[in-house]
Amino acid sequence: MRILFTAAIAVILLIVAVSFNSSKPPTSLTGAWNAKSGSNDHVLVFQDGYFSYTIYDKANRKFIRTWGGTFSEAGGQVHANIEFDTESKDNVGGHKHFAATVSGNTLTFDGGAGVNSWTRIDDGNTNLAGNWRITGRMRDGSIQPIERSARKTLKILSSTRFQWMAINTETKEFFGTGGGTYTFKNGKYTENIEFFSRDSSRVGASLSFDGSVTNNVWTHKGLSSRGEPIHEEWSRDK
């Protein structure tokens, strides 16, 4: 009986570990949300205590703005610590508070860009959902570690959406971003680019990589949008 009880506990713990592989527990906001304003898409992603808010016009291949950082949710309020903002670097390091209400698949949230009603895209609990930070890159035949610093490249993913951003939280510099939808199936990770801050000609492209996740380290390799080889390691940012 004791053996059976111990085995049952082990199974429960395994299920919990698999179900909550993120570094932070999900909130009612976790996942991706969309709102429309004319031809502009507004996309919010909340994942692992990090968020991004991006505005772009996919049809006209126009990137407009992105901003985000860490967040917490309590009492119907989102408390945000801004780590990047393409509108003004003076906003970086600031703190903002927003009312947020979730009812079914609708989010009421006013981020100051003229929209306040959002529709859920996904709930951020499958595929590669999480906030990832690049921690290794292939150089001279081996993976070279990238040490933690204020200069960092992050990739935030919900169940279906991705966005990468290269930032420096000390100097408040923003180096670039891109994003859209993705799939991860049978060891293949594919990005479908819907916005790209540095080169609008890349919008509409799809890039496929070999991908795997082991012990919260995501390895992917393939070719960049420039046709250059990529072999990187990303770790869940805690």
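Here is what the cut-offs are and how they apply
- Residues numbered from 1 in each chain as written.
- Predicted model: local features only at pLDDT ≥ 70, side-chain atom pairs only at ≥ 80, totals over all residues.
- Heavy atoms only, no water.
- Core = buried A, V, L, I, M, F, W, Y, C linked by side-chain atoms within 4.5 Å.
- Buried < 20%, exposed > 50% of the residue type's maximum accessible area, 1.4 Å probe, protein only.
- Helix = DSSP H or I, 4+ residues; strand = E, 2+ residues; numbered from the N terminus.
- Contact = heavy atoms within 4.5 Å.
- pLDDT = per-residue confidence, 0-100.
- Phe/Tyr/Trp six-rings, centres within 6.5 Å; stacked < 30°, edge-to-face > 60°.
- Lys NZ or Arg CZ within 6 Å of the ring centre and 35° of its normal.
- Polar contact = N/O pair within 3.5 Å; in protein donor to acceptor, adjacent residues only side chain to side chain.
- Pairing = 2+ DSSP bridges.

Q: Can you help me understand the nonpolar core in this one?
A: Residues Leu44, Phe46, Tyr53, Val78, Leu107, Phe109 and Trp118 are the most contacted members of the largest nonpolar core, which totals 19 residues. Within the residue set of this core, elements represented by two or more residues are β1 (31-37), β2 (40-47), β3 (50-57), β4 (62-74), β5 (77-85), β6 (95-103) and β7 (106-109). With near-sequence residues (within four places) excluded, Leu107 lies in contact with Leu29, Trp33, Leu44, Phe46, Ala100, Thr101, Val102, Asn116, Ser117 and Trp118. Core analysis: the second largest hydrophobic core is formed by 16 residues, Leu157, Phe196, Leu207 and Trp234 among them.

Q: Looking at this structure, I do not really get the confidence of the model for the protein chain. What am I missing?
A: When pLDDT is low, close inspection of the predicted coordinates is not appropriate. When the pLDDT values of the protein chain are averaged, the result is 90; 89% of them are 70 or greater. Predicted confidence is poor over residues 1-22, with pLDDT under 50, and the contacts of this stretch with residues over four places away or in other chains come to six contacts.

Q: In this structure, what is going on with the packing of aromatic side chains? I would like to understand it.
A: Think of a pair of aromatic rings as described by two things: how far the centres are apart, and how the planes are tilted against each other in angle. With the rule as written, the count across this model stands at 19 aromatic pairs. Each ring, one from Phe51 and one from Trp67, has its centre 5.5 Å from the other, and the planes form 85°; the classification is edge-to-face. Here Phe51, found in strand β3, pairs with Trp67, found in strand β4; they are 16 residues apart in sequence, far enough to count as distant. Residues Phe51 and Trp67 agree in their burial class; the two are buried. Look at Phe84 and Phe174: their rings are 6.0 Å apart centre to centre, the planes differ by 35°, and that puts the pair in the tilted class. One end of the pair, Phe84, is in strand β5; the other, Phe174, is in strand β13 (residues 173-185), with 90 residues separating them in the sequence. With relative accessibility at 24%, the residue Phe174 sits in the partly exposed group. Here the guanidinium or amino end of Arg151 rests over the ring plane of Phe175, the centre of that ring lying 4.0 Å away. The residue whose ring lies beneath Lys155 is Trp234, and the NZ or CZ to ring-centre distance is 5.1 Å.

Q: Mind showing me how you'd approach the environment of Asp41 here?
A: As for its placement among the helices and strands, Asp41 is situated in strand β2. C-alpha separation for the pair Asp41 and Ile64, spaced 23 residues apart in sequence, amounts to 9.8 Å. Setting aside residues no more than four positions away along its own chain, Asp41 makes contact with Asn34, Ala35, Lys36, Thr54, Ile55 and Tyr56. A polar contact is formed between the side chain of Asp41 and the side chain of Lys36, at a distance of 3.4 Å.

Q: Got a minute to help me understand the environment of Trp67 in this structure?
A: Judged by relative accessible area, Trp67 falls into the buried class, the value being 2%. Here the alpha-carbon distance between Trp67 and Glu83, two residues 16 residues apart in the chain, equals 7.7 Å. Once you skip the residues sitting within four places of it in the chain, Trp67 turns out to touch Phe51, Ser52, Tyr53, Ile82, Phe84, Asp85, Phe98 and Gly111.

Q: Can you walk me through the pairing of strand β16 (residues 217-223) in this structure?
A: The side chains of a regular strand alternate, residue by residue, between the two faces of the sheet. Direction of pairing for strand β15 (residues 206-214) relative to β16: antiparallel, over a ladder of six bridges. Paired with Phe209 across the bridge in β16 is Gly222. Between β15 and β16, which follow one another and run antiparallel, lie two residues, and Asn215 among them has a positive phi close to 50°. Examined bridge by bridge, β16 and strand β17 (residues 229-236) share seven bridges and lie antiparallel to one another. Across the sheet, Thr219 pairs through a bridge with Glu233, a residue of β17. Once β16 ends, the chain turns through five residues before running back antiparallel as β17, passing Gly227 with a positive phi of about 80°.

Q: Got a minute to help me understand the side chain of Gln163 in this structure?
A: Counting through the fold element by element, Gln163 comes out in strand β12 (residues 161-168). Residue Gln163 is classed as buried on the basis of its relative accessible area of 5%. Of the polar contacts made by the side chain of Gln163, one reaches the side chain of Thr54; its length is 2.9 Å. What Gln163 contacts, discounting residues up to four positions off in sequence, is Ser52, Thr54, Thr66, Leu154, Lys155, Ile156, Thr177, Gly178, Gly179 and Phe195.

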